[in-house]
Amino acid sequence: MMYHPDVMGVDALAEKIRKIPNFPKEGILFHDITTVLQSPEYFRLLVDLLTYRYMGQKIDVVAGLDARGFIIGAALAYQLNVGFVPIRKKGKLPYETISQTYELEYGNATVEIHTDAIQPAARVLLVDDLVATGGTMLAGVELIRKLGGNVVEACAILEFTDLDGGKKIRENHVPLFTLLQNDGAM
Ligand SMILES: O=P(O)(O)OC[C@H]1O[C@H](OP(=O)(O)OP(=O)(O)O)[C@H](O)[C@@H]1O
Ligand SMILES: Nc1ncnc2[nH]cnc12
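What counts, and at which threshold
- Residues numbered from 1 in each chain as written.
- Chains lettered and ligands numbered in written order.
- Predicted model: local features only at pLDDT ≥ 70, side-chain atom pairs only at ≥ 80, totals over all residues.
- Heavy atoms only, no water.
- UniProt positions renumbered as here; feature names shortened; annotations may be inferred.
- Buried < 20%, exposed > 50% of the residue type's maximum accessible area, 1.4 Å probe, protein only.
- Helix = DSSP H or I, 4+ residues; strand = E, 2+ residues; numbered from the N terminus.
- Right-handed = clockwise from strand over helix to strand, strands pointing away.
- Pairing = 2+ DSSP bridges.
- Axes fitted to C-alpha atoms, helices over the stretch in contact; angles between N-to-C directions.
- Parallel < 35°, antiparallel > 145°, perpendicular 65-115°, else oblique.
- Left-handed = near helix turned anticlockwise from the far one by under 90°.
- Contact = heavy atoms within 4.5 Å.
- Nonpolar A, V, L, I, M, F, W, Y, C, P; charged D, E, K, R; others polar.
- Core = buried A, V, L, I, M, F, W, Y, C linked by side-chain atoms within 4.5 Å.
- Phe/Tyr/Trp six-rings, centres within 6.5 Å; stacked < 30°, edge-to-face > 60°.

- The protein is annotated in an unreviewed UniProt entry as Adenine phosphoribosyltransferase from Alysiella crassa.
- Under the UniProt heading Pathway (unreviewed entry), the entry covering the protein gives this text: "Purine metabolism; AMP biosynthesis via salvage pathway; AMP from adenine: step 1/1."
- The record held by UniProt for the protein lists under Subcellular location (unreviewed entry) the comment "Cytoplasm".

Written as structure tokens, this is what we have:
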């Protein structure tokens, strides 16, 4: 069963995301997608909206960013009938990896990918829940490109327009699709 995208739109999704002021630190308005995930209707809406966008685009593999990109990315990969590749925080992947360090809205992080996860010239869809500074998404793009993959598109539910992360990603010649755009400020 699939919802047609016109039936319930992205506005409903925007309202369903819970906003928590000052988490994990003062001044951050945390956008909590668990409220979407825990609702059967909204989780389906989210996955279906993305499925409709990518079902005709010859995606070879979906890569998801640790941790929330795993949830959306795995569901999307299943729908598109392709495999799923996790891009994980440092030290979690057991086989040979390559890594990329980047800056976050609140700190620093390194992400890794297995060296055999992406085939050369593979058409990769990169997925996360949101783009804040864009650092995480760009680190993912970098890893996929280092392995010879083509990022067909990077996608997320939400993009914070005040932080220019989306702009930064697009300036790096990465097509970026976000279902929602808002001023992430409190
Ligand atoms: O655009 P950016 O500034 O890079 O921020 C966006 C990233 O931050 C959050 O993850 P976080 O690093 O908090 O990790 P988590 O998913 O493990 O909570 C979010 O899920 C994105 O992955
Ligand atoms: N404001 C925010 N809410 C949720 N996840 C985030 N990752 C980076 N900034 C975030």
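There's plenty left to go through after this.
**Things to note about the pairing of strand β8 (residues 150–160)**
Part 1 of the reasoning: With ten of eleven residues buried, β8 lies mostly within the body of the structure.
Part 2 of the reasoning: Once the chain exits strand β7 (residues 123–131) it traverses helix α5 (residues 135–146) before rejoining the sheet at β8, and the crossover so formed is right-handed.
Part 3 of the reasoning: Two strands pair when backbone bridges link them, and β8 and strand β9 (residues 176–182) are joined in this way by six bridges, in the parallel orientation. Across the sheet, the residue bridging to Phe160 is Asn182, located in β9.
Part 4 of the reasoning: At this point the chain moves from β8, through helix α6 (residues 165–171), to the parallel β9, and the crossover so formed is right-handed.

**Side note on the sheet that holds strand β6 (residues 107–114)**
Part 1 of the reasoning: Read across the open sheet, the seven strands follow the order β5-β6-β4-β3-β7-β8-β9; overall the sheet is mixed. Of all the strands in the sheet, the pair left with one neighbour each is β5 (97–104) and β9. Taking the axes of each pair of neighbouring strands and ignoring which way they run, one obtains an average angle of 20° across the sheet.
Part 2 of the reasoning: Pairing analysis gives eight bridges linking β5 to β6, with the strands arranged antiparallel. When the bridges of β6 are listed, Thr97 appears paired with His114.

**Quick look at the packing of helix α3 (residues 40–54) against helix α4 (residues 68–80)**
Part 1 of the reasoning: Closest axis-to-axis distance for the α3/α4 pair is 10 Å, and the angle between their directions is 55°. With respect to their mutual orientation, α3 and α4 come out oblique. Two packed elements cross with a definite hand, and for α3 against α4 that hand is right-handed. Residues Phe43, Leu46, Val47, Asp48, Leu50, Thr51 and Tyr54 of α3 form the contact with α4, whose own contacting residues are Ile71, Ile72, Ala75, Leu76, Gln79 and Leu80.
Part 2 of the reasoning: By residue class, the composition of the contact of α3 with α4 is ten nonpolar, two polar and one charged.

**A word on the nonpolar core**
Part 1 of the reasoning: Of all hydrophobic cores here, the largest spans 29 residues; its most connected members are Leu13, Leu46, Leu50, Tyr54, Leu125, Ile157 and Leu179.
Part 2 of the reasoning: Of all the secondary-structure elements, those providing two or more residues to this core are α2 (34–37), α3, α4, β7, β8 and β9.
Part 3 of the reasoning: Of the residues forming this core, the biggest block, six residues, is contributed by α3.
Part 4 of the reasoning: When neighbours within four sequence positions are excluded, Leu46 is seen to be in contact with Leu13, Val36, Ile72, Ile157 and Leu179.

**Observations regarding the packing of aromatic side chains**
Part 1 of the reasoning: Using the criterion set out here, one finds two aromatic pairs in the structure.
Part 2 of the reasoning: Seen in terms of ring centroids, Phe23 and Phe30 are 5.1 Å apart; in terms of plane orientation they differ by 90°. Their pairing is edge-to-face.
Part 3 of the reasoning: Taking relative accessible area as the criterion, Phe30 reaches 14% and is therefore assigned buried.
Part 4 of the reasoning: When the ring of Phe70 is compared with that of Phe84, the centres are 6.1 Å apart and the planes differ by 85°; the resulting orientation is edge-to-face. Residue Phe70 is found in helix α4, and its partner Phe84 is found in strand β4 (residues 83–89); the two are separated by 14 residues along the sequence.
Part 5 of the reasoning: For Phe70, a relative accessible area of 19% translates into the label buried.
Part 6 of the reasoning: For Phe84, a relative accessible area of 29% corresponds to the partly exposed category.

**Structural notes on unusual backbone geometry**
Part 1 of the reasoning: Looking along the chain, the bond that leaves Phe23 and enters Pro24 is cis, with omega of 0°.
Part 2 of the reasoning: Structurally, the position occupied by Pro24 is in the loop between β1 (18–21) and β2 (29–32).
Part 3 of the reasoning: Cis peptide bonds are those with omega within 30 degrees of zero, and the linkage from Asp66 to Ala67 qualifies with 0°.
Part 4 of the reasoning: In this structure, Asn22 takes a positive phi of about 65° despite not being glycine.
Part 5 of the reasoning: Take Asn22: it is sitting in the loop between β1 and β2.
Part 6 of the reasoning: Overall, the relative accessible area of 32% leaves Asn22 in the partly exposed class.

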